Amino acid sequence: MLKNETKAKIKAGGVAVGTFLNVNHPRLVELCGYTGYDFAIFDAEHGPADYEVVEGLVRAAELTGITPLVRIAQNVPQVILRYLDEGCLGAQIPMVNTRADAEAVVKACKYPPAGIRGLAGVRPARYGVMEPMPQYVDQANEEVMVIVQAETMQAANNLAEILAVPGIDVIFIGPTDLASSMGYKGDFNRPEVQDQLFKMIKQIRDAGVAPGTLALGGVAGSKNLVDAGVQYLVPSATGLMVAAGRQFLKDIGLGRKPE
Ligand code: 3PY
Ligand code: MG
């Protein structure tokens, strides 16, 4: 089984940078790999990544050295398992609000005795034809990353309990939903939301877990987040493409005015 370089980097105290992808083409994954991102997150919450397309995306990631992760809308073992069985090296689960939610994610991501993930000779096990299953099980339980999203005030209020769950590698704070749950309709730039975000980053960091969030505020904002302890930083590949394109058109004074 492939080593999870993103997990190793974070475990060693480093900062990993990766992108959400909501356009499912292996070429985009290859380009992200060649760009130098540490990981790519295929989006099966707000994006259309289904099981079959994810197999091709994972293969592209494996070829270009970028860690394949997936965000899965449902905290359901049978659903999480199917994406991991395609070879994703981590599952990121939204709306984890309680200790029980967090425990369920960890259990779904790990084979017994650590969890309840169903076992078969799947793709990451090299179809069960290359190495003994017990060896694969130990490797998978070590390499697969568990990423939970804390993105509501309920999660913020339960953060100490969520942090106490063994097996969580990253707690990702979703600023848009956090702002929404605070009554600000996704406006994560409001000072109240920013204060809450940085408070959560500190609490996660102080508990010895890696904090993650979106790379808000461009380079300056992202540097602030990293200085505050973020170890899993997520800019949007397509967002960066739009920003660079707009800047180019502005600087050269050409192009059209989109409606
Ligand atoms: C959020 O901001 O709510 C997220 O989940 C990031 O995609
Ligand atoms: Mg969210």
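Below is a short write-up of the structure. (Residues numbered from 1 in each chain as written. Chains lettered and ligands numbered in written order. Predicted model: local features only at pLDDT ≥ 70, side-chain atom pairs only at ≥ 80, totals over all residues. Heavy atoms only, no water.)

1. Some thoughts on the pairing of strand E5 (residues 145-150)
Here is the rule we go by: In this scheme, a residue with accessible area under 20% of its type's maximum is buried, one over 50% is exposed, and one in between is partly exposed, where area comes from a 1.4 Å probe on protein chains only. A helix here means a DSSP run of H or I that spans at least four residues, while a strand means a run of E at least two residues long, and both kinds are numbered starting from the N terminus. A strand pair is defined by DSSP finding two or more bridges across the two strands.
Counting buried positions along E5 gives six out of six residues, so the element sits mostly inside the fold. By the alternation rule, side chains of E5 split into Met145, Ile147 and Gln149 and Val146, Val148 and Ala150, which are all buried. Relative to E5, strand E4 (residues 90-93) is paired through four bridges, and the arrangement is parallel. Across the sheet, the residue bridging to glutamine 92 is isoleucine 147, located in E5. Across four bridges, E5 lies against strand E6 (residues 170-173) in parallel orientation. Across the sheet, residue alanine 150 finds its bridge partner in E6, namely isoleucine 173.

2. Describing the site of ligand 1
For clarity, the threshold we go by: Any residue with a non-hydrogen atom lying within 4 Å of a molecule or strand is treated as near it. Each polar contact in these results corresponds to two N or O atoms within 3.5 Å; when the atoms are within protein, one needs to be able to donate a hydrogen and the other to accept it, and residues that are neighboring in sequence are counted only if both atoms are side-chain atoms. For accessible areas, the Shrake-Rupley method is used with a probe of radius 1.4 Å. Any residue's cover is judged against the shown protein chains and nothing else.
Around ligand 1 lies a shell formed by Phe20, Arg71, Gln149, Glu151, Phe172, Gly174, Pro175, Thr176, Asp177 and Leu214. The side chain of glutamate 151 places a nitrogen or oxygen atom 3.0 Å from an oxygen atom of ligand 1. Contacts to ligand 1 include proline 175, whose backbone N or O atom sits 3.2 Å from an oxygen atom. Here ligand 1 loses 92% of its free accessible area of 230 Å² to cover by the protein chains. Looking at which element gives the most residues to the shell around ligand 1, the answer is helix H9 (residues 175-181), with three residues.

3. Observations regarding helix H3 (residues 51-64)
Because each turn of an α-helix spans 3.6 residues, side chains separated by three or four positions end up pointing in the same direction. So the rule is basically this: By definition here, a helix of n residues has an expected span of 1.5 Å times n minus one. Directions pointing from the helix axis toward each C-beta atom define the arc.
Helix length check: H3, at 14 residues, gives a terminal C-alpha distance of 20 Å against a target of 20 Å (1.5 Å per residue), a fit within 8%. Residues Val54, Leu57, Val58, Ala60, Ala61 and Thr64 constitute the buried set of H3. The buried residues of H3 occupy one face: seen down the axis, they fall within an arc of 160°. Across H3 from its buried face, at more than 90 degrees, point the exposed residues Glu52 and Leu63.

4. Structural notes on the coordination of the magnesium ion (ligand 2)
Ideal coordination angles are 109.5 degrees for a metal with four donors arranged tetrahedrally and 90 or 180 degrees for a metal with six donors arranged octahedrally. Where we set the bar: Excluding water, the donors of a metal are its N, O and S neighbours within 2.8 Å, or within 3.2 Å for Na, K and Ca, and that exclusion means sites may look incomplete.
Here the magnesium ion (ligand 2) is held by Glu151 (OE) and Asp177 (OD), and the distances to it run 2.1 Å. Here the residue glutamate 151 occupies a position in the loop between E5 and helix H7 (153-157), and aspartate 177 occupies one in helix H9, the gap between them amounting to 26 residues. Judged by relative accessible area, aspartate 177 falls into the partly exposed class, the value being 23%.

5. Concerning the side chain of aspartate 43
Note the cut-off: Residue contacts follow a heavy-atom distance rule, with two residues in contact if any of their heavy atoms lie within 4.5 Å.
Relative to the elements of secondary structure, aspartate 43 occurs in strand E2 (residues 39-44). Owing to a relative accessible area of 4%, aspartate 43 belongs among the buried residues under this scheme. Among residues more than four places away in sequence, those in contact with aspartate 43 are Phe20, Leu21, Pro48, Ala49 and Arg71.

6. Things to note about the packing of aromatic side chains
Quick reminder of the rule: Any two rings among Phe, Tyr and Trp, with Trp reduced to its six-membered ring, count as a pair given centres within 6.5 Å; such a pair is stacked if its planes are under 30 degrees apart, edge-to-face if over 60, and tilted if neither.
For the coordinates displayed, the defined rule picks out five aromatic pairs. With centroids separated by 4.7 Å and ring planes inclined at 50°, the aromatic side chains of tyrosine 51 and tyrosine 83 adopt a geometry described as tilted. With tyrosine 51 in helix H3 and tyrosine 83 in helix H4 (residues 77-85), this residue pair connects regions lying 32 residues apart in the sequence. Taking the relative accessible area as the measure of exposure, tyrosine 51 reaches 23% and is therefore partly exposed. The class of tyrosine 83 is buried, set by a relative accessible area of 6%. Seen from their ring centres, phenylalanine 172 and tyrosine 232 are 6.2 Å apart, and the 85° between their planes marks the pair as edge-to-face. Pair noted here: phenylalanine 172 is in strand E6 and tyrosine 232 is in strand E8 (residues 232-234), with a separation of 60 residues, a long-range link. Assigned by exposure class, phenylalanine 172 and tyrosine 232 land together as buried. Members of the aromatic cluster, each reached through a chain of ring pairs, are Phe20, Phe39, Phe172 and Tyr232.

7. What about the environment of glutamine 74?
Of note, glutamine 74 is situated in the loop between strand E3 (67-72) and H4. Exposure remark for glutamine 74: the relative accessible area of 42% places this residue in the partly exposed category. The spatial distance from the C-alpha of glutamine 74 to the C-alpha of lysine 250 is 41 Å, given a sequence separation of 176 residues.

8. Quick notes on the pattern of salt bridges
Note the following rule: Think of a salt bridge as a Lys or Arg side-chain nitrogen and an Asp or Glu carboxyl oxygen that are within 4 Å of each other.
Evaluation of the coordinates by the stated rule reveals twelve salt bridges. Put simply, lysine 9 and aspartate 38 hold a salt bridge, and the shortest N to O gap is 2.8 Å. With lysine 9 in helix H1 (residues 5-11) and aspartate 38 in the loop between helix H2 (26-35) and E2, this residue pair connects regions lying 29 residues apart in the sequence. Between lysine 202 and aspartate 206 there is a salt bridge, with its nearest N and O atoms 2.6 Å apart. You can see lysine 202 and its partner aspartate 206 sitting in helix H10 (residues 191-206), four residues apart, about one turn around the helix.

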